[in-house]
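What the coordinates show
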Amino acid sequence: LDCEGKSVRPAAMVFTGIIEEMGTVASIKKSEKLTMWDGSVGEGFVFVVECSVALEGAYIGCSIAVNGVCLTATEITATSFSANCAPETLRKTNFRQIQVGDKVNVERSMKGTDRISGHIVQGHVDEAGTIRSFRKEGDSLWVQINASKELLRLIVQKGYIAVD
């Protein structure tokens, strides 16, 4: 309940990094007059993803991760959700390479009462790195990723980094 006693949905903006389903990109449309997160209007794009699991309990304003990127649902239908994305989303993610019909990883935001099966990650992308190499070691897989010097100085040893 808010300060006036009205029911409000709990804020849930973190993820476990465990993919719940593969969705399909149904539409990507550029818009010159897109409402941004802060209420300003600017250029961006509307991203529509067809899915099913992520729609269970979804509501306008909820957070849904697509390829590890936290998006805010702006429209929900029986088979899909839409999200407005600013140009920054294209610059910092792999979204500029995604096309209509592509499969994407989808995860609902975590509830405070959920069992954490992965790690707590935000879905706020600072940079898209480049995979440099893969190396097997027993049952493990080492993945070496190139990132900028600016980003590397912010990474904590043994910290959680989401990789799509």
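Relevant structure appears above.
Residues numbered from 1 in each chain as written. Predicted model: local features only at pLDDT ≥ 70, side-chain atom pairs only at ≥ 80, totals over all residues. Heavy atoms only, no water.

This next bit is on unusual backbone geometry. Working note: non-glycine residues mostly have negative phi, and peptide bonds are mostly trans. The backbone of Asn 67 sits at a positive phi, close to 50 degrees, despite the residue not being glycine. Within the fold, Asn 67 resides in the loop between strand 3 (63–66) and strand 4 (69–76). (Helix = DSSP H or I, 4+ residues; strand = E, 2+ residues; numbered from the N terminus.)

Alternating positions in strand 3 separate into two faces, Ser 63 and Ala 65 on one and Ile 64 and Val 66 on the other, with burial throughout. Relative to strand 4, strand 3 runs antiparallel, the two sharing four bridges. When the sheet's bridge partners are listed, Ile 64 is paired in strand 4 with Leu 71. Where strand 3 folds back onto strand 4 in an antiparallel hairpin, the turn is made up of two residues, including Asn 67, whose phi is positive at roughly 50 degrees. Inspection of the sheet shows strand 3 paired to strand 6 (residues 103–108) by three bridges, in the antiparallel sense. Note that in strand 6 the partner of Val 66 across the bridge is Val 106. (Buried < 20%, exposed > 50% of the residue type's maximum accessible area, 1.4 Å probe, protein only. Pairing = 2+ DSSP bridges.)

Mapped onto the fold, Ser 109 is located in the loop between strand 6 and strand 7 (130–137). At 3.2 Å, the side chain of Ser 109 forms a polar contact with the backbone oxygen of Ser 63. (Polar contact = N/O pair within 3.5 Å; in protein donor to acceptor, adjacent residues only side chain to side chain.)

With that settled, consider the nonpolar core. The biggest cluster of nonpolar side chains holds 20 residues, and the ones touching the most others in it are Phe 47, Val 49, Val 66, Leu 71, Phe 81, Phe 95 and Val 104. When residues of this core are traced back to their parent elements, those giving at least two are strand 2 (41–50), strand 3, strand 4, strand 5 (80–85) and strand 6. Other than its neighbours up to four places away in sequence, Phe 47 contacts Val 25, Ser 27, Ile 28, Val 66, Leu 71, Phe 81, Ser 82, Ala 83, Cys 85, Phe 95 and Ile 98. (Core = buried A, V, L, I, M, F, W, Y, C linked by side-chain atoms within 4.5 Å. Contact = heavy atoms within 4.5 Å.)

Our focus in this paragraph is the pattern of salt bridges. Tallying each qualifying case throughout the model produces five salt bridges. We note a salt bridge from Lys 30 to Glu 43, for which the minimum N-O separation is 3.5 Å. Taken as a pair, Lys 30 in strand 1 (residues 21–35) and Glu 43 in strand 2 lie far apart in primary sequence, 13 residues in all. With a closest N to O distance of 3.7 Å, Arg 108 and Glu 56 form a salt bridge. Separated by 52 residues along the polypeptide, Arg 108 in strand 6 and Glu 56 in the loop between strand 2 and strand 3 bring together distant segments of the chain. According to the relative accessible area criterion, Glu 56 is exposed, its value standing at 52%. One connected set of salt bridges, linked through shared partners, spans Glu 20, Glu 56 and Arg 108. (Salt bridge = Lys/Arg side-chain N within 4 Å of Asp/Glu carboxyl O.)

Before going further, it helps to spend a moment on a nonpolar patch on the surface. Residues Ile 131, Phe 134, Leu 141, Val 143, Ile 145, Leu 152, Ile 155, Ile 161 and Val 163 make up a contiguous nonpolar surface patch of roughly 810 Å² in combined accessible area. By residue number, the principal contributor to the nonpolar patch is strand 8 (residues 140–146), which donates three residues. With respect to the helices and strands, Val 163 occurs in the segment after helix 2 (149–152). Looking at Val 163, the relative accessible area reads 53%, which means it is exposed. (Patch = residues over 30% accessible without salt bridge, like charges linked within 9 Å, V, L, I, M, F, W, Y side chains within 5 Å. Areas by Shrake-Rupley, 256 points an atom, 1.4 Å probe, with all protein chains shown as cover.)

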